[in-house]
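# Breakdown of the fold
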Amino acid sequence: MKSVRDIFHGLVLRGVISEHNLVGCSEVDIASVEQHFGCEIPLAYRDFLTIAGRSAGKIFSGVDIFYPRLLDLEFEAEELLDELNLSGFLPADAKVFCMHQGYEINYFLPVSDDPPVFQFFEGESSSIKAWNGFSDFLMASMESHLAQWPDLN
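Let us look at the structure shown here. All values derive from a computational prediction rather than experimental measurement.

F8, Y45, F48, F60 and F134 are the most contacted members of the largest nonpolar core, which totals 50 residues. If you list the elements that add at least two residues to this core, you get α1 (4-13), α2 (27-37), α3 (43-52), α4 (73-83), β4 (95-100), β5 (104-108), β6 (117-121) and α5 (134-148). The element contributing the most residues to this core is α3, with 6 residues. With residues near it in sequence (within four places) discarded, F134 still touches V4, A44, Y45, F48, F97, D114, P115 and V117.

What follows is the structure in structure tokens.
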């Protein structure tokens, strides 16, 4: 398993994204995320925010994952679940960090430095543990993006 830092470093070394296109969050931004989530965020997620929490070229284009937008996602996820008559569906300690097109919710439970990521799709009745760690989620996302765009700048 690669660390989040290794994943981004590898992309830069391969020349598929320039470091100047990776815009990280400040410590103040990260503190506001921790206040929002009500916990110290897991190391892998903290590394993501530090390296690319505000912007990352074409990576996650069209996906709600960047700061400060991510602060609205828990509310929007709950709103979607309410519309689907699934109120109270998310575990109490779920940290919604990513949504896509308003029908896909990605969240983690802050249980380790590289927590598993769960995914819910509108139309389903349950979440699945889609990745064993946040770094696995990130690697899979990068591979998907690279399949579409060989240049992520």
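What follows deals with the packing of α1 against α5. Packed helix pairs are characterised by how far apart their axes lie and by the angle those axes make with each other. Where α1 meets α5, the closest approach of the two axes is 9 Å, and the angle between their N-to-C directions is 20°. As far as their axial angle goes, α5 and α1 are roughly parallel. With respect to the hand of their crossing, α1 and α5 are arranged in right-handed fashion. On α5, the residues touching V4, I7, F8 and L11 of α1 are F134, S135, L138, M139, M142 and L146. When its residues are assigned to classes, the contact of α1 with α5 shows 9 nonpolar, 1 polar and no charged.

As a further point, take the layout of surface pockets. Of the voids in this model, the largest pocket is the one considered here, and its volume is about 250 Å³. Around the largest pocket sit 16 residues that line it, and V63, E104, S141, S144 and H145 are the ones nearest its centre. Breaking the lining of the largest pocket down by element, the ones donating at least two residues are β4, β5 and α5. When residues in the lining of the largest pocket are grouped by element, the largest group, 6 residues, is from α5. For the lining of the largest pocket, the class distribution of residues is 7 nonpolar, 8 polar and 1 charged.

Inspection of the entire model under this criterion finds 0 disulfides. C25 carries a free sulfur, and the closest cysteine sulfur to it, the one in C98, is 14 Å from it. For C25, a relative accessible area of 9% gives the class buried. Take C39: it sits in no disulfide, and the sulfur closest to it among the cysteines is that of C25, at 15 Å.

Another aspect to go through is the sheet that holds strand β3 (residues 63-64). Read across the open sheet, the 5 strands follow the order β3-β4-β5-β6-β7; overall the sheet is antiparallel. Each having just a single partner strand, β3 and β7 (128-131) make up the two edges of the open sheet.

Looking now at the packing of aromatic side chains. One pass over the full model with this rule turns up 20 aromatic pairs. Aromatic side chains F60 and F66 sit 6.3 Å apart centroid to centroid with 75° between the ring planes, which places their arrangement in the edge-to-face category. As far as the burial class goes, F60 and F66 line up, both buried. Linked through ring pairs, F8, F37, Y45, F48, F60, F66, F97, F108, W131, F134 and F137 together constitute an aromatic cluster.

All right, on to the side chain of E34 then. Looking at where E34 falls in the secondary structure, it is placed in helix α2. E34 gets classed as buried once you look at its relative accessible area, which sits at 18%. A polar contact of 3.0 Å, which involves the side chain of E34, links it to the backbone nitrogen of I41. Of note is the side chain of E34, whose polar atom sits 2.9 Å from the side chain of R46. With near-sequence residues (within four places) excluded, E34 lies in contact with C39, E40, I41 and R46.

Calculation notes
The numbers attached to residues start from 1 for each chain and follow its sequence in the written order. Residue-level local features of this predicted model are given only where pLDDT is at least 70; pairs of side-chain atoms are given and counted only at 80 or more, and the full residue set underlies all totals for whole chains, interfaces and linings. Working from all heavy atoms in the structure, the side-chain values ignore hydrogens and water. Residues belong to one nonpolar core when they are buried, are Ala, Val, Leu, Ile, Met, Phe, Trp, Tyr or Cys, and are joined through side-chain atoms within 4.5 Å. Residue burial is assigned from relative accessible area. The probe radius is 1.4 Å, only protein chains are included, and a residue is buried under 20% of its type maximum, exposed over 50%, and partly exposed in between. Each helix is a run of DSSP H or I of at least 4 residues and each strand a run of E of at least 2, with the numbering of both proceeding from the N terminus. Whether two residues are in contact is decided by their heavy atoms: any pair within 4.5 Å suffices. Interaxial angle, 0 to 180 degrees, is taken between N-to-C directions of lines fitted to C-alpha atoms, where a helix line uses only the stretch in contact. Orientation labels follow simple angle bins: below 35 degrees gives roughly parallel, above 145 gives roughly antiparallel, 65 to 115 gives roughly perpendicular, and whatever is left gives oblique. By convention the crossing between two helices is left-handed if the near helix lies anticlockwise of the far one by an angle smaller than a right angle, and right-handed if it lies clockwise. Note on residue categories: nonpolar means Ala, Val, Leu, Ile, Met, Phe, Trp, Tyr, Cys or Pro, charged means Asp, Glu, Lys or Arg, and polar means any other residue, Gly included. As defined here, a cavity is a set of points on a 1 Å grid over the protein atoms alone where a 1.4 Å probe fits but cannot get out. A pocket is an open set with protein on both sides within 12 Å along at least five of seven lines, and residues line them when an atom is within 4 Å of a point. Grid points are joined across faces, edges and corners, and a volume is the space filled by probe spheres set on the points. The definition used for a disulfide is geometric: two cysteine sulfur atoms within 2.5 Å. Here a strand pair is declared whenever DSSP counts at least two bridges between the two strands. Between the rings of Phe, Tyr and Trp (Trp by its six-membered ring), a pair exists once the centres lie within 6.5 Å; its type follows the angle of the planes, with under 30 degrees stacked, over 60 edge-to-face, and the other angles tilted. Under this definition, polar contacts are N or O atom pairs within 3.5 Å; protein pairs additionally need one hydrogen-donor-capable and one acceptor-capable atom, and for neighbouring residues in sequence, both atoms have to be side-chain atoms.

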